[in-house]
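As a plain string of letters, each chain reads:
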Amino acid sequence: MFRRNRNQATPTARTRRIQQSLRQEEALRAQGIDPYAQDVAAAGAVATPRRGPSLKVVLLIALLLILVVVVGGGILLWQRVSAFNDSVSTAPAASSALWGPLGGEERVNIALFGYGGEEHKSGNYLADSIQILSIDPKTDTTTAIPIPRDFWIEGFDELPDNGKINEAFAIGWANGGAQEAATATTELLSQVTGLEIHHWMAIDFAGFKDVIDAVGGVTLRNPTRFRYTWNEWRFQHGAWDHRFKRGMLTLTGEQALDYARARYTDVPSESSDFARSIRQQRVLGALRAKLGDGGISSLGPGLSLMDALAGRMTTDLSALDLFLLSSHINPDHRIELKEGRILEATTNTIGQYILVVRHRDSSTDYRPLQRYLERELAKPIPKKTPRPRASGK
């Protein structure tokens, strides 16, 4: 028998597998596919692109990132608010004295004081502006009660030698700084007016200017043109230094302070404390308009206000309460303590101009004033004044 040549031998099973694999590789290469790519599960398989994460995973990651940003931003914001609170308030940052009462049935009364401060040249701790904000939660309306600084007070420990009500603030300051000044004057106001005054705020002139500048100035409508000076001699001789035109005014902090305080003017009606209090209210209303309606757009102005007020304001309300109060600084109604109606002008023993209560039985009788305020506050406000928009118009 003849033996077969090795070249003519029948391929083994191993050889056949190798040859088949080589043919499959050649076929894949002909299709432009790398036969050794990881995505080829088996010889002859068609490669498929790698899939990214699912929509659910993407949304979950996005939600987690937003949560991290919000929580982190909230912590930073709270740290800033807490630091501001510590610089101006006697109340803890994480507290609120107004949250419940502003949703209740009884009036909430808050005293506001404006004073010269260290940068004012004379009489720096006399209260230049005194107002009571009386908030009625049932109707969500606010009534402003400006108190003339020449209002004469007798018979109270806060003014042991008698005096104008603005002197009580200066005496309190001498006894214990801003907190004692505001606390003592608030107690005196409560006794004189018969109103329970629950809280107080005090701000100096520099703080007032900084607040206006912090929001980029304010715009308001001035109904009466007047010229003014800060020098009494120039006033008496008709020599005026500045003026405010009639119509829309855009005021810087310095101009807004002058507008609110000017008393030596060429228009007699604009020289009174009553006119000054009305102008002050216009400025506060314009400031409230700049703060917006309390949404995200109010965050920037609110933070700027905190920076401006730090060290310039003192209050027994927390930062949270100041936020709640901000919507009420532009009142819906005013009660004027006018001469000839509830007050009358006279002079004290050294010839100073003062205002006293009409129809009183004695120099320490304030019951006519208390009854007057009770009647006025009981009257319904005919039409609620629309809150100003952020545009200030």
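See the structure shown above.
Participant: What is the right way to look at the nonpolar core in this model?
Facilitator: Among soluble globular proteins, nonpolar side chains are generally buried collectively. If you look at the biggest cluster of nonpolar residues, it comprises 46 residues, and the most contacted ones within it are Phe84, Leu98, Leu251, Tyr259 and Met313. When residues in this core are grouped by element, the largest group, 5 residues, is from helix H8 (residues 299-309). In contact with Leu98, not counting residues within four places along its chain, are Val108, Ile110, His199, Leu317, Asp321, Leu324 and Leu325. Ile147, Leu195, Leu343 and Tyr366 belong to the second largest nonpolar core, which has 37 residues in total.

Participant: Explain the packing of aromatic side chains to me, please; I cannot follow it from the model alone.
Facilitator: For any two aromatic rings, the description comes down to two numbers: the centre-to-centre distance and the angle of the planes. Inspection of the entire model under this criterion finds 16 aromatic pairs. With 5.2 Å between their ring centres and 90° between their planes, Phe244 and Tyr259 make a pair best called edge-to-face. Of this pair, Phe244 sits in strand S9 (residues 242-244) while Tyr259 sits in helix H6 (residues 253-261); the two residues are 15 residues apart in sequence, bridging distant segments of the chain. Of the two residues examined, Phe244 and Tyr259, each falls in the buried class. The structure contains a cluster of three or more aromatic residues connected by ring pairs, namely Phe113, Tyr115, Tyr125, Phe169 and Trp173.

Participant: Teacher, can you tell me more about the pairing of strand S8 (residues 226-229) here?
Facilitator: The side chains of a regular strand alternate between the sheet's two faces. In terms of strand pairing, S8 meets S9 through 3 bridges, oriented antiparallel. The residue of S9 that forms the bridge with Tyr228 is His242. With 2 bridges connecting them, S8 and strand S11 (residues 264-265) associate as antiparallel partners. Note on S11: the bridge partner recorded for Thr229 is Tyr264.

Participant: When you look at the environment of Asn109 in this model, what are you seeing that I'm missing?
Facilitator: Relative to the helices and strands, Asn109 resides in strand S1 (residues 108-115). Given a relative accessible area of 4%, Asn109 falls into the buried group. As for Asn109 and Ile197, which are separated by 88 residues in sequence, their C-alpha atoms are 4.8 Å apart. Discounting residues that sit within four places of it in the chain, Asn109 has contacts with Ile132, Leu133, Ser134, Ile135, Leu195, Glu196, Ile197, His198 and His199.

The rules behind these values
Position numbers for residues count from 1 along each chain, tracking the sequence in the order it is written. In view of the model being predicted, local features appear only for residues whose pLDDT reaches at least 70, and side-chain atom pairs are presented and counted only at 80 or more, with totals across whole chains, interfaces and linings using the full set of residues. For side-chain calculations, the full set of non-hydrogen atoms in the structure is used, while hydrogens and water are omitted. The criterion is simple. A nonpolar core is a set of buried Ala, Val, Leu, Ile, Met, Phe, Trp, Tyr and Cys residues joined through side-chain atoms within 4.5 Å. Exposure categories follow from relative accessible area, calculated using a 1.4 Å probe and restricted to protein chains: below 20% of the type maximum is buried, above 50% is exposed, and the middle band is partly exposed. Where helices and strands are cited, they refer to DSSP runs of H or I of at least four residues and of E of at least two residues respectively, numbered from the N terminus. Two residues qualify as a contact provided that any one of their heavy atoms is within 4.5 Å of a heavy atom in the partner residue. Note on ring pairs: Phe, Tyr and Trp rings are taken, using the six-membered ring of Trp, and paired if centres are within 6.5 Å. Classes follow the plane angle, with under 30 degrees stacked, over 60 edge-to-face and the rest tilted. When DSSP finds two or more bridges between two strands, those strands count as paired.

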